[in-house]
Amino acid sequence: MPVVCRGLLLSAIVSVFALLLATGSADLTDDQLKAMEAVNVKQMLKNEIKMGAKEHRRQGVRKYEGEVEQTEQNYTHPFFKPGIVNEIRYSYRKYREMIFLKEGKFWMGTNDPDSKTGEYPMRNVAVKSFYFDTNPVINAEYWAFRAQKKFVKSEAEKKGWSWVVDMFLSDETRDYYSMPGARGWSAVKKASWDKPEGPDSNLEERWKHPVVHISWYDAKMFCEFHGKRLPTEPEWEYAARAGVKNRAYPWGDNWERRRANVWQGDWPYENRKADGYAITSPVDAYKPQNLIGLYDMIGNVWEWTSSSYVERGVQPHLQSSMVVLKGGSYVDSVNGKINAAVRNGQRMGQKQDYTAANVGFRCAKSAPEFDTTTTSTVQTTTPYKERVPKFHRREKNKDEL
């Protein structure tokens, strides 16, 4: 306790004893004693406030009425630190890198007749040159975006709930904020990108993890704000297969340990964390998954694309509007016995407003087309010319002459 407070408390106690000696403790009732104590406590608080204000003035600190004093506990994550957007973006600048992929053709899909997601049969597809994010968008980047777009709300925030793996919920959230859904999943109220497991969770120690609970609309808005766009499904798979041809995984045909964040254990009750993580992992927790340096192409989180999802065997006019997600997530497995099998060609269809704790995204950007008939890189598109504004002189009226 500060010296000033101790002195005030001592003076209050002395004054109480003085009053008791003056009036006689035997003559005072309990109500009178309580009233005297309340008066002294109130006076003590007033003196403490005055002394505190005087101390602030002495140190040159201006304190306003109703202002909450900042302590170290207020800075547990950047939401409480003013003017930190530029600092956050600079600190995490390496997670905004993009890799250029030159136009070409490749075999898209998986040679698995039993697949029901539309990845079979394999087909030869051509893509144009484009830029591609090296990793999924992380929480720090999305936080910086939301700090700049203060009136924007994600789809999960608008509807008030999102899907979360039930195993990772606290007892309070499970009892009061959730409703059971599909096996292993719960619809959790107030779950969103900054509260991944419900209202009692936050982004502590997860700023480098991929942002989740993001709908297709949210991802599209983020990419367009930064002058980018969502990748098409062929672009996404072309990037995943860069450096290898017709292989199951970005690095080859054989699964390698600690190359991706997937589920190991008895779904949905146990995750043995053989890869080091139970939920999402930092986007650079493992070495790049292919030869051009892309991270987290498979595992960790599903990623939105701009391509429509078409179900096999269903007539077009009977299909609901859905979009393709690629890559698999931490709740999927290598062999497909637990949810989906993670591999280059794997795909899933969901509606644009779908949000869950294992769905994120990354962005792409169109690049100039190049002439592939020559060995040198020749730009065939017309160079961009800056538009020169034309200034029109206002003609004077006859009255002004």
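If you're wondering where the values come from, they're calculated on a predicted model, not measured in any experiment. (Residues numbered from 1 in each chain as written. Predicted model: local features only at pLDDT ≥ 70, side-chain atom pairs only at ≥ 80, totals over all residues. Heavy atoms only, no water.)

**Things to note about the confidence of the model for the chain**
In the predicted model, the chain carries a mean pLDDT of 81, and the fraction of residues at 70 or more is 71%. For the chain, per-element mean pLDDT is lowest for helix α1 (residues 3–23), which scores 53, and highest for strand β11 (residues 359–360), which scores 98. Scored below 50 in pLDDT, residues 56–78 shows 18 contacts in the model against residues more than four places distant or in partner chains. Under a pLDDT of 50 for its full length, residues 374–398 has, in the predicted model, 16 contacts with residues more than four places off or in other chains. (pLDDT = per-residue confidence, 0-100. Helix = DSSP H or I, 4+ residues; strand = E, 2+ residues; numbered from the N terminus. Contact = heavy atoms within 4.5 Å.)

**Considering the sheet that holds strand β4 (residues 130–133)**
Whether parallel or antiparallel, the strands of a sheet pair through hydrogen bonds between backbone atoms. Taken in spatial order, the three strands line up as β1-β4-β12 in an open sheet, and their pairing is antiparallel. In this open sheet, the two edge strands, each paired with only one partner strand, are β1 (98–101) and β12 (364–366). Neighbour-to-neighbour, the strand axes of this sheet turn through a mean angle of 25 degrees, independent of strand direction. Where β1 meets β4, four bridges bridge the pair, whose relative direction is antiparallel. Residue leucine 101 lies in a different strand from β4, and its bridge partner there is phenylalanine 130. Strands β1, β4 and β12 of the sheet are contacted by helix α8 (residues 233–240), whose axis makes an angle of about 70 degrees with β4. (Pairing = 2+ DSSP bridges. Axes fitted to C-alpha atoms, helices over the stretch in contact; angles between N-to-C directions.)

**Overview of the pattern of salt bridges**
Overall, the coordinates contain 20 salt bridges when judged by the stated rule. Where arginine 174 meets aspartate 171, a salt bridge forms, and the shortest distance between an N and an O atom there is 3.3 Å. You can see arginine 174 and its partner aspartate 171 sitting in helix α6 (residues 171–176), three residues apart, about one turn around the helix. Overall, aspartate 171 belongs to the exposed group, its relative accessible area being 57%. Glutamate 233 is paired through a salt bridge with arginine 347; the nearest N and O atoms lie 2.7 Å apart. Of this pair, glutamate 233 sits in helix α8 while arginine 347 sits in strand β10 (residues 347–350); the two residues are 114 residues apart in sequence, bridging distant segments of the chain. Among the charged side chains, a salt-bridge network with shared partners connects Glu233, Glu237, Arg241, Lys326 and Arg347. (Salt bridge = Lys/Arg side-chain N within 4 Å of Asp/Glu carboxyl O. Buried < 20%, exposed > 50% of the residue type's maximum accessible area, 1.4 Å probe, protein only.)

**Describing the packing of aromatic side chains**
The geometry of an aromatic ring pair is captured by two quantities: the separation of the ring centres and the angle between the planes. All told, the structure shown has 21 aromatic pairs when counted by the stated rule. In this structure, arginine 93 is placed above the aromatic ring of tyrosine 90, and the distance from its NZ or CZ to the ring centre is 4.0 Å. The ring centre of tryptophan 161 lies 4.6 Å from the NZ or CZ of lysine 159, which sits over that ring. (Phe/Tyr/Trp six-rings, centres within 6.5 Å; stacked < 30°, edge-to-face > 60°. Lys NZ or Arg CZ within 6 Å of the ring centre and 35° of its normal.)

**Things to note about the sheet that holds strand β5 (residues 161–165)**
The sheet built from three strands is open, its strands ordered β5-β7-β6 with antiparallel pairing. Two strands bound the open sheet, and with one partner strand each, they are β5 and β6 (178–180). Within this sheet the neighbouring strands show an average axis-to-axis angle of 30 degrees, counted without direction. In this structure, β5 lies alongside strand β7 (residues 185–189), joined through five bridges in antiparallel fashion. Its bridge partner being in β7, tryptophan 161 is matched across the sheet by lysine 189.

**Focus on the state of the cysteines**
Linking two cysteines covalently through their sulfur atoms gives a disulfide. Scanning the entire structure with this criterion turns up one disulfide. The partner cysteine of cysteine 223 in its disulfide is cysteine 363, sulfur to sulfur 2.1 Å. Taking the sign of the S-S torsion, -85 degrees for the link of cysteine 223 and cysteine 363, the bridge is left-handed. One end of the pair, cysteine 223, is in helix α7 (residues 216–225); the other, cysteine 363, is in the loop between β11 and β12, with 140 residues separating them in the sequence. Using a relative accessible area of 1% as the deciding quantity, one classes cysteine 363 as buried. (Disulfide = S-S within 2.5 Å.)

**Quick notes on the environment of glutamate 235**
Within the secondary structure, glutamate 235 sits in helix α8. You can call glutamate 235 buried: its relative accessible area is 8%. As for glutamate 235 and leucine 101, which are separated by 134 residues in sequence, their C-alpha atoms are 9.2 Å apart. Excluding anything up to four places from it in sequence, glutamate 235 contacts Val127, Phe130, Arg229 and Ala364. A distance of 3.1 Å separates a polar atom in the side chain of glutamate 235 from the backbone nitrogen of threonine 232. (Polar contact = N/O pair within 3.5 Å; in protein donor to acceptor, adjacent residues only side chain to side chain.)

**Here's the deal with the pairing of strand β8 (residues 302–308)**
For a regular strand, the rule is simple: side chains alternate between the two faces of the sheet. With five of seven residues buried, β8 is to be regarded as a mostly interior element. Note: β8 against β11, two bridges, orientation parallel. Considered in β11, the bridge of tryptophan 302 is made with valine 359. Bridging between β8 and strand β9 (residues 323–326) involves three bridges; their strand directions are antiparallel. Of the residues in β9, the one forming a bridge with serine 308 is valine 323.

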